[in-house]
Every structure is written in C-alpha cells, then in structure tokens.
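Okay, here's what each chain looks like letter by letter:
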Amino acid sequence: MARIRKRILGIVGSPRKGGNTDILVDTILEGAKASGAKVEKIRLADLRISPCKACYGCAKAGLCVQKDDMAKLFVKMRKSDIWVIGTPVYWWGPSAQLKAFVDRWFAKVRRQSDLAIFKDKKVILAIPMGDTSRRTARHVIGMFKDALAYVGGILLGTVLAPGAYEKGEVQSHKTVLKRARKLGEDSVKTT
C-alpha cells in the first residue's frame, strides 16, 4: 500500500524577499521534504490580499466578497496537512502582510462548515527578529496561540531567531537552523 505524502504549505509574511523569514521557512520545508512531504511555499507579498473591510459581506454571502488572491490561498490551505507560517516581528507584532492574511480568516469562521479549513490543522511558526530578547515575540506567538485555539488549529512548534535583523543574518544562527530543519522533519513523522 502506497504511503500518502503529507502536504506542507509554507506561508511567508515578510515583504523582504530572500530574507530571514524566507530562510527559516525554507529550512523547515527542507526538513519536511527530506521526510517525504510534498512542500509548497507562497509569499504573501507576491499576492493581492486586501485587508478585511469589516463589511460583514461574508455573513450574507457565505464567503468573503472581496475579489483578490485570498480565495485561492484558502484552497491551498484546505489541501495542506501542515502550515508553516513565517513572519518577522515588527513593533511587537507580525508584518502587515501577515496580519491582513490572518484577519481574512474571519470570513471562514462565520459559517460552521467553513471551520473545517482550520480544524485540527497543524501549524509551525517561524519568527525571526532583530531584537535579542525572546520576549519581544510574545505578542506574535500569543496571537497565534489564541487564534488557533479559537479556530481549532494546533500549534506544533515555534522557531524563534532573536538577533536576526540584517538580510540573511539568520544563516549564522546554526542552532536555530538545525532546530528549524528538525521541526520540519518531525512534523511529517509525528502527525
């Protein structure tokens, strides 16, 4: 009997292409791929995702009324077993691109049938930051813990990279990269 390959979707919330967030997400995905997963990565900055307008059109129509790339992204999210979500810490929070993406989840929590996209979905966070204090990421991590608890998702783990400010600086954080790769490998084996 053929083994079903896990599908892992990397979602990069940094506007800086090839930066620390890309590197961390890529490292996690490399670990997952080495363990047999099928991986895909998207960059939110390359998509057209409008912020939530709080129009409540989703309550009437059953889906977000905005015509942008979020509908296609929801399809990818639904088909994936694990999401690897990466964002740098900007002023104690996620990037604007990542926050707009998460805010758009609202359209899917309006109807019980749409919650299946999140139910028991496994998530790994990748968070580089310029500050050297891990405490600086507490709001980003807390936002995801609370949001995932609300929608029924599961936080598998978080890779923090304090002191990774300059583009590519995370490459010198060998322990962080090793942990990122291992988390990717283990996520495929244990879920």
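Residues numbered from 1 in each chain as written. Predicted model: local features only at pLDDT ≥ 70, side-chain atom pairs only at ≥ 80, totals over all residues. Heavy atoms only, no water.

A. Structural view of the overall build of the protein chain. A tally of regular secondary structure across the protein chain gives seven helices and five strands. Going from N to C terminus, the protein chain has its helices and strands arranged as β-α-β-α-α-β-α-α-β-α-β-α. Against the compact-globule benchmark of 16 Å for 191 residues, the protein chain has a radius of gyration of 16 Å, which places it among compact chains. Dimensions of the protein chain along its principal axes, counting C-alpha atoms only, are 50 × 50 × 25 Å. Buried positions account for 50% of the 191 residues belonging to the protein chain. Partitioning the intrachain contacts of the protein chain with sequence separation of at least 6 by distance along the chain shows that 78% fall at a separation of at least 24. As displayed, the protein chain has an accessible area near 9,900 Å², and 54% of this comes from carbon and sulfur atoms. Across the protein chain, the mean location of the 37 positive side-chain charges is 4 Å away from that of the 17 negative side-chain charges. (Helix = DSSP H or I, 4+ residues; strand = E, 2+ residues; numbered from the N terminus. Rg over C-alpha atoms; globule rule 2.2 N^0.38 Å. Buried < 20%, exposed > 50% of the residue type's maximum accessible area, 1.4 Å probe, protein only. Contact = heavy atoms within 4.5 Å. Areas by Shrake-Rupley, 256 points an atom, 1.4 Å probe, with all protein chains shown as cover. Lys, Arg positive; Asp, Glu negative; His and termini not counted. Charge placed at Lys NZ, Arg CZ, Asp CG, Glu CD.)

B. Looking closely at the packing of aromatic side chains. By the definition in use, this model includes six aromatic pairs. With a centroid separation of 6.0 Å and 55° between ring planes, the pair formed by Trp83 and Trp105 is classed as tilted. Here the residue Trp83 occupies a position in strand β3 (residues 82–86), and Trp105 occupies one in the loop between α4 (96–103) and α5 (106–109), the gap between them amounting to 22 residues. Accessibility expressed as a relative area gives 0% for Trp83, which makes it buried. (Phe/Tyr/Trp six-rings, centres within 6.5 Å; stacked < 30°, edge-to-face > 60°.)

C. Local environment of helix α6 (residues 138–151). With 14 residues, α6 ought to run about 20 Å at 1.5 Å a step, and its terminal C-alpha atoms sit 20 Å apart, in line with that. Among all positions of α6, only Val140, Ile141, Met143, Phe144, Ala147, Leu148 and Val151 are buried. Projected down its long axis, α6 shows its buried positions confined to an angular sector of 155°, all on one face. In this structure, α6 carries Asp146, Ala149 and Tyr150 as exposed residues pointing more than 90 degrees from its buried face. Residues of α6 that are buried make contact with β3, α4, α5, β4 (122–129) and β5 (154–162). (Expected span 1.5 Å × (residues − 1). Arc of directions from axis to C-beta.)

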